[in-house]
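# Structural characterization, general
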Amino acid sequence: MNTDRGGLAGFRLTHRTWTDELGTWSSAVAADGRPAGALSFDPRLIGDPATRERLVGAVVADRKLTQAGVTGLVPIADLIAAQGEVWLLTAEPVNPTVADLLSETPGVPRPDAGSAAGVLMEIAQTLLAVHAAGLAHGALHPGTVVIAADGSARLAERGLADAIHGRPPAPERDVAAWSSLARGLAASWAASSPGAAGLFERAAATASTHGLAPARDALLAGRDLLPPGFDTRDRLLETLHLWTAYDARTRDGRQAPAPALPAPDEGDIVTLLHVPRSGESRTEDVVMRFGPGVSVETTAAQLWRAGRDQQQTEPPSDRLRVLGAPARRRRRRTAVSSVVLALMVVAALVAWLLRSSAVPLAVTELDVVAPKKTQGCGATVKIKGLLTTNGSAGEIRYQWKRSDRKETIEQTDTVASGKTSHEVILQWSVKGEGSFKGTATLRLLSPLSDGKKLQDKASFNFKC
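Residues numbered from 1 in each chain as written. Predicted model: local features only at pLDDT ≥ 70, side-chain atom pairs only at ≥ 80, totals over all residues. Heavy atoms only, no water.

## Some words on the overall build of the protein chain
Helix and strand counts for the protein chain come out as 9 helices and 16 strands. A buried classification covers 47% of the 464 residues belonging to the protein chain. Long-range contacts, defined here as pairs at least 24 residues apart, represent 69% of the contacts in the protein chain between residues at least 6 apart. Taken as a whole, the protein chain presents about 22200 Å² of accessible surface, with 54% of it coming from carbon and sulfur. (Helix = DSSP H or I, 4+ residues; strand = E, 2+ residues; numbered from the N terminus. Buried < 20%, exposed > 50% of the residue type's maximum accessible area, 1.4 Å probe, protein only. Contact = heavy atoms within 4.5 Å. Areas by Shrake-Rupley, 256 points an atom, 1.4 Å probe, with all protein chains shown as cover.)

## Here we look at the sheet that holds strand E16 (residues 455-463)
The strand order across the open sheet built from 4 strands is E13-E12-E15-E16, with neighbouring strands paired in antiparallel fashion. For this open sheet the edge positions go to strand E13 (408-415) and E16, each flanked by a neighbour on one side alone. Recorded for the sheet is a direction-independent mean angle of 25 degrees between the axes of neighbouring strands. Note: strand E12 (residues 394-402) against strand E15 (residues 435-446), 6 bridges, orientation antiparallel. Considered in E15, the bridge of Gln399 is made with Arg443. (Pairing = 2+ DSSP bridges. Axes fitted to C-alpha atoms, helices over the stretch in contact; angles between N-to-C directions.)

## Topic: the pattern of salt bridges
All told, the structure shown has 13 salt bridges when counted by the stated rule. The shortest N-O distance in the salt bridge between Arg44 and Asp42 comes to 2.7 Å. Its relative accessible area of 73% is what places Arg44 among the exposed residues. We note a salt bridge from Arg173 to Asp162, for which the minimum N-O separation is 3.0 Å. (Salt bridge = Lys/Arg side-chain N within 4 Å of Asp/Glu carboxyl O.)

## A closer look at empty space enclosed by the protein
Taken as a whole and assessed by the stated rule, the structure comprises 3 cavities of 30 Å³ or more. Every residue lining the largest cavity is listed: Trp25, Asp62, Val74, Ile76, Leu88, Thr90, Leu155, Ala156, Glu157, Arg158 and Leu160. Classifying every residue of the lining of the largest cavity gives 7 nonpolar, 1 polar and 3 charged. (1 Å grid on protein atoms, 1.4 Å probe; cavity = no way out; pocket = protein on both sides within 12 Å on 5 of 7 lines; lining within 4 Å. Points joined across faces, edges and corners; volume = space filled by probe spheres on them. Nonpolar A, V, L, I, M, F, W, Y, C, P; charged D, E, K, R; others polar.)

## A look at the nonpolar core
By size, the foremost hydrophobic cluster in this structure holds 48 residues, and its most contacted members are Val119, Ile123, Val145, Trp178 and Phe200. Take this core: its biggest share by element is 10 residues, from helix H3 (residues 113-132). One finds Ala370, Val381, Leu444 and Phe462 within the second-largest nonpolar core, a separate group that totals 24 residues. (Core = buried A, V, L, I, M, F, W, Y, C linked by side-chain atoms within 4.5 Å.)

## Details of unusual backbone geometry
In this structure, the amide linkage connecting Asn95 to the following residue, Pro96, adopts the cis form with an omega of 0 degrees. For Pro96, the location among the structural elements is in the loop between strand E6 (85-90) and helix H2 (98-102). Each neighbour pair has its own omega, and for Ser446 with Pro447 the value is 0 degrees, a cis peptide bond. Tracing the sequence through the fold places Pro447 in the loop between E15 and E16. Phi at Glu157 is positive, roughly 65 degrees, even though this residue is not glycine. Among the secondary structure elements, Glu157 is positioned in the loop between strand E8 (153-155) and helix H4 (160-165).

## Comments concerning the state of the cysteines
Going through the model one piece at a time under the given rule, you end up with 1 disulfide. Two residues share a disulfide in this structure: Cys377 and Cys464, whose sulfurs sit 1.9 Å from each other. An S-S torsion of about 105 degrees defines the bridge between Cys377 and Cys464 as right-handed. Here Cys377 is found in the loop between strand E10 (363-369) and strand E11 (380-389), whereas its partner Cys464 is found in the segment after E16, with 87 residues between them in sequence. A relative accessible area of 31% means that Cys464 is categorised as partly exposed. (Disulfide = S-S within 2.5 Å.)

## Considering the sheet that holds E10
Each strand in a sheet pairs with its neighbour through backbone hydrogen bonds, running either in the same direction (parallel) or in the opposite one (antiparallel). Read from one edge of the open sheet, 3 strands run E10-E11-E14, paired in antiparallel fashion. Each having just a single partner strand, E10 and strand E14 (421-429) make up the two edges of the open sheet. Shown here is a sheet whose adjacent strand axes are inclined to one another by a mean of 20 degrees, direction ignored. Pairing analysis gives 6 bridges linking E10 to E11, with the strands arranged antiparallel. Its bridge partner lying in E11, Val369 is registered against Lys384. Here helix H5 (residues 171-187) sits on the sheet in contact with E11 and E14, set at roughly 35 degrees to E14.

## Describing helix H1 (residues 49-67)
For H1, which comprises 19 residues, the first-to-last C-alpha distance of 27 Å matches the rise-based estimate of 27 Å (1.5 Å per residue) to within 8%. Buried within H1 we find Ala50, Thr51, Leu55, Val56, Ala58, Val59, Ala61, Asp62, Arg63, Lys64 and Leu65. Gly69 sits one or two residues past H1 and shows a positive phi near 110 degrees. (Expected span 1.5 Å × (residues − 1).)

## Section: the packing of H3 against H5
At a minimum axis separation of 11 Å, H3 and H5 run at an interaxial angle of 180 degrees. In this view, H3 runs roughly antiparallel relative to H5, as classed from their interaxial angle. Contacts from Ala116, Leu120, Ile123, Ala124, Leu127 and His131 in H3 reach Pro171, Asp174, Val175, Trp178, Leu181, Ala182 and Leu185 in H5. When the residues that make up the contact of H3 with H5 are grouped by side-chain class, the tally is 11 nonpolar, 1 polar and 1 charged. (Parallel < 35°, antiparallel > 145°, perpendicular 65-115°, else oblique.)

Distances and angles like these do not, on their own, reveal function.
Right, dumping it as structure tokens:
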């Protein structure tokens, strides 16, 4: 059984932790006893004030989506600064993910093709709502697709990666990632159902050429190819319950206890979702609410009915109160927040001026790395490409070529200034039995320095 390692804004953190591209996640328990999650961002990613501003904007937009009726997102409770760190608090758990269920777990049956169809349908529906708002997920992959306790699929970390890396919303990247996920589930959860696997492959191809709505319709039209009772989620719920039981039995043996985290002083915890605006009274009675169930009034409740872009009207801000804190502490923190806001605005202006006068983006080197270990049955192989740049901002257009296909995969990423490297990922799903050597080639399409073509390739071995 996990033991507590500290409290944070009414959330009790546990010893179950795991890392991803953004930082360190922790399982947590909210103030009302419900399971939740907490993400401590990697300080190296959010040191720039402009990055924190974009992060705040992404979280505010995410909360608007949830309150406007988009149910396929993991709800965010708060974004706070505490003890020099920035934390994202979620009102629901962020595990297990599809990546967890893709792993071979003793005694836990793999979800079936019906489970895969339900997950793909729900993700497509959520992404369509997000895209209709002029937003995007930005980092869709099996590790950001959460299976909730009722078997529904929810998306975590929406917009966070784009905010941190300074990328504009790119729905086409979400569509490509959905297609990749569909092919991965065809090769794993639907491996024993050739008809369903073919359906997922067709849906993936439809998404790539026509978009998510036709792909969703293709899944609906092919429901006769799915196992009976697929829409009840029975198989997925069975897998979910067995995985949860296995995880509870083994987690203490898998990881060493995390170092104790002292409960922060309430005066050191500041929500980032509200900063006093110019002209606001310092003596205003402000209320700080932590944990799930925090309501934020919004004028965008009917945002998605007409499929229009997100309104620019800002919601009335959450008001803050540090319970039991003296009035002097409240006034001091309000003043500090005002100074921080002013500094962030100045920093953002300076960054914009520097970026506008910067030299054009150039890519100087390109490397591709594939796993050295032989991949097994139902594997989804992650191939990484690392592009070295001159640190300027701009767009990188590149192309992946797989040795098992004639068609190529073209993508465009936006990179922020100040970073001299950019990583791109190719998810390659392999199905069937036998031996196979796959080679992935990454080619830079633009920008090209002096017409020099940059490309590299890497290979992996598969045996099932």
